[in-house]
Amino acid sequence: MFGAKGTGDTSGYGGLIRTAASTGSSERPYGSYFDEVADDLERAYPMFSEAIERVVVDRGELTLHVKREKLVEVSKILRDSLKFEMCMGVSGVHYPTDAGRELHAVYPLLSLTNNRRIRLEVSVPDLDPHIPSVVEVWAGNNWHEREVFDMFGIIFDGHPGLTRILMPDDWQGHPQRKDYALGGIPVEYKGATTPPPNERRSYK
Amino acid sequence: MSVFDPYAPSRDTTEGTVYSVTGGDWDSLVQEIGSTKEERVVVNMGPQHPSPHGVLRLVLELEGETVTEARAGIGYLHTGIEKNMEYRSWTQGTTFVTRMDYLSPLFNETAYCLAVEKLLGITQDVPERASVIRVMMMELNRISSHMVALGTGALELGAISPMFFAFREREIVLDIFEMISGLRMNMAYVRPGGVQQDLPEGAIPKIREAVKLMRKNFKDNTTLLVGNSIWMKRTQGIGYLDLAGCTTLGITGPVLRSTGLPWDLRKMQPYCGYEDYNFDVITADTCDVYGRFLIRMNELEQSLRIIEQALDKLEKLEGAPVMVADKKIAWPAQLAMGGDGLGNSLNHIREIMGTSMESLIHHFKLVTEGFHVPAGQVYAAIESPRGELGAQVVSDGGTKPYRMHFREPSFNNLQATPAMSEGGMVADIIGAVASIDPVMGGVDR
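Here the structure is a predicted model, which is why all the values come from computation and not from measurement.

**Focus: the overall build of chain A**
- A tally of regular secondary structure across chain A gives 4 helices and 10 strands.
- Its helices and strands in sequence order give chain A the pattern α-α-β-β-α-β-β-β-β-β-α-β-β-β, from N to C terminus.
- Per-residue burial over chain A gives 37% buried out of 204 residues.
- By sequence separation, contacts in chain A at least 24 residues apart represent 52% of the contacts at least 6 residues apart.

Encoded structure:
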């Protein structure tokens with residue numbers, strides 16, 4: 001009864017490996033206010049074509065894929081010239097199969113002046129997980145960058161105090177990476193140790 | 001004691017070691033401070049302390065009673081919800097998100113479901129009745145959440161009676177939630193594609209009555225606090241944060257509106273049909289705790305207005321569906337609450353167990369495996385009682401989220417603690433943090 005092998009697992013502990021598809025670049029016209037945003041940015045930032053790797057419009061949302069070296073420059077232009085006064089944080093995504101660009105950082109931006117939203121995306125290789133910090137541009141990204149560092153191990157260069165924020169300071173590993181299994185930590189309580197979920201009999 | 005013991009003295013008994021915890025090292029601490037010229041003290045407030053909300057830890061550097069530096073430490077309630085959701089189907093996700101910010105579960109669910117619906121491309125297909133129910137539930141939830149914010153905020157500043165009144169009102173709302181979803185908190189009521197079940201018989205008149213009662217009851221807290229000179233002395237000019245501070249720190253919600261900017265996503269970027277409701281965005285221009293308190297107080301009345309309009313709409317939409325028509329997404333069983341309090345649908349069980357093998361297979365696949373969501377990533381934001389609650393969802397085309405991230409307003413807004421409290425008195429930190437209204441379940445997720 002117990003000990004089903006293979007992929008018959010619906011509990012989620014079986015380590016089913018899936019790959020995420022990445023969409024290609026979108027063609028103009030982008031629709032909505034996205035053309036205007038792209039034009040304005042091109043005008044305000046002459047090195048647009050060098051800094052922006054891809055422009056993706058999907059499900060009514062605009063994503064600018066920015067090279068990490070240019071992230072702070074582009075952010076400042078977006079904040080000052082295009083009036084994206086607020087950055088709603090940053091979230092990491094781990095694509096282990098996307099060779100050379102395993103770790104992505106996604107920054108949703110909000111413009112109070114123009115009531116617009118866009119998104120910046122930066123991708124870095126797993127072996128060199130460094131992204132310049134945008135805390136000097138949007139101070140509110142401080143904790144968000146610490147969270148992404150905590151969960152994904154992306155190092156934000158120039159961050160005023162990049163330490164773990166949610167996990168204990170001495171924690172090993174970065175829990176939200178795809179190669180970090182759910183469970184995996186035995187639970188100790190009153191002397192008895194409960195094995196992690198993925199090692200319990202019914203899930204093996 | 002002859003030998004210096006840095007810890008509490010202990011003695012052995014038959015039950016084991018018994019420690020006598022006394023005043024600790026307070027006397028020696030005071031002596032030590034007196035002997036040095038520096039008056040700087042670092043105080044660790046929390047994570048177990050009755051004044052800040054929940055398990056929030058504040059590290060304060062004090063000079064006398066003045067706070068020179070304040071840092072917030074979080075993470076004591078981290079539950080790994082985002083990681084867990086990657087291992088559960090899209091529908092099961094609502095059960096997780098509802099537990100993040102436990103004072104506004106319906107907002108968490110709605111933000112998540114709006115994002116999933118955007119990924120599925122079914123935003124337009126969600127039935128109107130479902131959207132109206134969502135709006136009504138969210139506004140009820142806004143009332144119960146603001147009630148906790150007001151009640152605990154007042155309690156933390158030393159006023160006890162407002163909390164009795166606030167929790168009395170919250171109880172009315174929780175009773176409505178129980179009647180509709182079966183649960184008072186953590187309902188998982190909003191599901192991708194609609195809501196879990198329709199309103200029960202007689203719900204609308206009951207809610208109308210509750211609205212009437214709450215409108216009358218709100219006056220109790222208004223008369224207690226608005227214009228109360230002690231309350232105003234504790235809150236006016238405290239926790240100051242202006243518009244520039246809010247934008248650079250990404251602060252939204254009542255804190256942003258207390259700077260005079262009428263930024264409310266319900267008006268600016270409407271979702272769930274909020275553009276069809278008449279209500280005002282409440283602002284204040286004092287940038288302080290008192291302004292935020294007044295905003296929350298006045299938002300209660302606006303929520304009641306929206307609820308009344310939603311009830312009118314619901315009466316017209318009697319019998320309309322509350323779930324998308326697509327059988328590949330909507331769960332087949334429209335559950336009905338039995339007399340035993342358990343949800344079940346006898347007709348559906350009769351069909352899958354007695355007549356249709358295909359229905360059984362479909363039911364089984366949908367419930368165990370779930371539906372597929374096309375690959376891509378979206379960001380859906382709503383106005384929660386605390387500010388912008390954003391759901392950043394990535395799908396790889398599977399039946400489970402590839403990556404879930406919540407932009408929690410509590411998490412973000414808590415960063416304003418140093419800006420609001422440095423240079424002020426220790427006692428005012430409590431007011432400043434209470435005006436942010438952080439919920440640690442949401443902060444730590």
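Right, picking up where we left off after that structure.
**Focus on the overall build of chain B**
- Scanning chain B from terminus to terminus reveals 18 helices and 12 strands.
- Against the 2.2 N^0.38 benchmark of 22 Å for 445 residues, chain B shows a C-alpha radius of gyration of 25 Å, consistent with a compact globule.
- The proportion of buried residues among the 445 residues of chain B is 48%.
- Pairs at least 24 residues apart make up 68% of the contacts formed inside chain B by residues separated by at least 6 positions.

**As for the domain arrangement of chain B**
Residues and elements named next belong to chain B.
- Each domain of chain B was delimited in the assignment, giving domain 1 (10-73) and domain 2 (90-327 + 410-444).
- The partner domain 2 presents 17 residues to the 17 residues of domain 1 that form the contact.
- Of all elements in the fold, only β4 (57-63) and β5 (66-73) reach the threshold of two or more residues within the side of domain 1 that touches domain 2.
- Here the residues of the side of domain 1 that touches domain 2 are counted per class, giving 9 nonpolar, 5 polar and 3 charged.

**Notes on the packing of helix α7 (residues 203-225) of chain B against helix α12 (residues 289-316) of chain B**
Residue and element names in this part refer to chain B.
- Two numbers describe how α7 lies on α12: the axes approach to 11 Å, and their chain directions differ by 170°. Here α7 is positioned roughly antiparallel relative to α12, judged by the angle of their axes. In contact with I204, I207, R208, V211, M214, R215, F218 and T222 of α7, α12 contributes M297, L300, L304, I307, E308, L311, L314 and E315.
- Classifying every residue of the contact of α7 with α12 by side-chain character gives 11 nonpolar, 1 polar and 4 charged.

**A look at the sheet that holds strand β3 (residues 40-45) of chain B**
Residues and elements named next belong to chain B.
- Read from one edge to the other, the open sheet built from 3 strands follows the order β3-β4-β5, with strand pairing classed as antiparallel. Sheet topology places β3 and β5 at the edges, where each strand pairs with a single neighbour. Neighbour to neighbour, the strand axes of the sheet diverge by 15° on average, direction disregarded.
- Here β4 runs beside β5; their pairing, made up of 7 bridges, is antiparallel. For E63, the partnering residue across the bridge sits in β5 and is T66.

**Brief notes about the packing of α12(B) against helix α17 (residues 426-436) of chain B**
All names here are of chain B.
- Two elements in contact, α12 and α17, have axes whose closest approach is 9 Å; the angle formed by their N-to-C orientations is 35°. Crossing handedness for the pair α12 and α17: left-handed. Contact residues: V289, R292 and F293 in α12; G431, A432 and S435 in α17.
- In terms of residue class, the contact of α12 with α17 is built from 3 nonpolar, 2 polar and 1 charged.

**Observations regarding the pairing of strand β4 (residues 91-94) of chain A**
All names here are of chain A.
- The alternating pattern of β4 places S91 and V93 and G92 and H94 on opposite faces, both of which are buried.
- Inspection of the sheet shows β4 paired to strand β5 (residues 103-111) by 4 bridges, in the antiparallel sense. Bridged to G92 within β5 is A105.

**Topic: the environment of M151(A)**
- Relative to the assigned elements, M151(A) resides in helix α4 (residues 141-152).
- Discounting chain neighbours no more than four positions away, the residues touching M151(A) are G92(A), H174(A), P175(A) and Q176(A).

**Some words on the interface of chain B and chain A**
- The interface is formed by 39 residues belonging to chain B together with 33 residues belonging to chain A.
- Broken down by element, the side of chain B that touches chain A gets its largest block of residues, 4 residues, from strand β11 (residues 387-395) of chain B.

**Brief notes about unusual backbone geometry**
Residue and element names in this part refer to chain A.
- Phi angles above zero are rare outside glycine, and R59 is one such case at about 50°.
- Mapped onto the elements, R59 comes out in the loop between β1 (52-58) and β2 (61-66).
- In this structure, N115 is a non-glycine residue whose phi angle is positive, near 55°.
- Inspection of the secondary structure assignment puts N115 in the loop between β5 and β6 (116-124).

**Quick look at the sheet that holds strand β12 (residues 403-407) of chain B**
Residue and element names in this part refer to chain B.
- The strand order across the open sheet formed by 3 strands is β10-β11-β12, and the pairing between neighbours is antiparallel. Each end of this open sheet is capped by a strand with a single partner; those strands are β10 (376-384) and β12. Ignoring which end each strand starts from, the neighbouring axes of this sheet average 15° apart.
- Two strands pair when backbone bridges link them, and β10 and β11 are joined in this way by 9 bridges, in the antiparallel orientation. Among the inter-strand pairings, I382 is bridged to a residue of β11, identified as L389.
- Here helix α4 (residues 105-120) sits on the sheet and contacts β10 and β11; the angle it forms with β10, its principal contact strand, is near 150°.

**Describing the pairing of strand β1 (residues 10-13) of chain B**
All names here are of chain B.
- Two elements, β1 and strand β2 (residues 16-19), share 4 bridges in a ladder whose sense is antiparallel. Paired with D12 across the strands is T17, a residue of β2.
- Count of turn residues in the β1/β2 antiparallel hairpin: 2 residues.

**A closer look at the nonpolar core**
- Counting 168 residues, the largest nonpolar core has L109(A), A111(B), A115(B) and V116(B) as the members making the most contacts within it.
- The element best represented in this core is helix α5 (residues 128-156) of chain B, accounting for 14 residues.
- Structurally, this core is a two-domain feature, drawing no fewer than three residues from each of domain 1 (10-73) and domain 2 (90-327 + 410-444) of chain B.
- Excluding residues that lie within four positions of it along the chain, L109(A) makes contacts with L78(A), F84(A), M86(A), C87(A), R117(A), I118(A), R119(A) and L120(A).

What counts, and where the lines are drawn
- Residues numbered from 1 in each chain as written.
- Chains lettered and ligands numbered in written order.
- Predicted model: local features only at pLDDT ≥ 70, side-chain atom pairs only at ≥ 80, totals over all residues.
- Helix = DSSP H or I, 4+ residues; strand = E, 2+ residues; numbered from the N terminus.
- Buried ≥ 20, exposed ≤ 12 C-beta atoms within 10 Å, placed from the backbone.
- Contact = placed C-beta atoms within 7 Å.
- Rg over C-alpha atoms; globule rule 2.2 N^0.38 Å.
- Domains from an automatic or database assignment.
- Nonpolar A, V, L, I, M, F, W, Y, C, P; charged D, E, K, R; others polar.
- Axes fitted to C-alpha atoms, helices over the stretch in contact; angles between N-to-C directions.
- Parallel < 35°, antiparallel > 145°, perpendicular 65-115°, else oblique.
- Pairing = 2+ DSSP bridges.
- Left-handed = near helix turned anticlockwise from the far one by under 90°.
- Core = buried A, V, L, I, M, F, W, Y, C linked by C-beta atoms within 7 Å.

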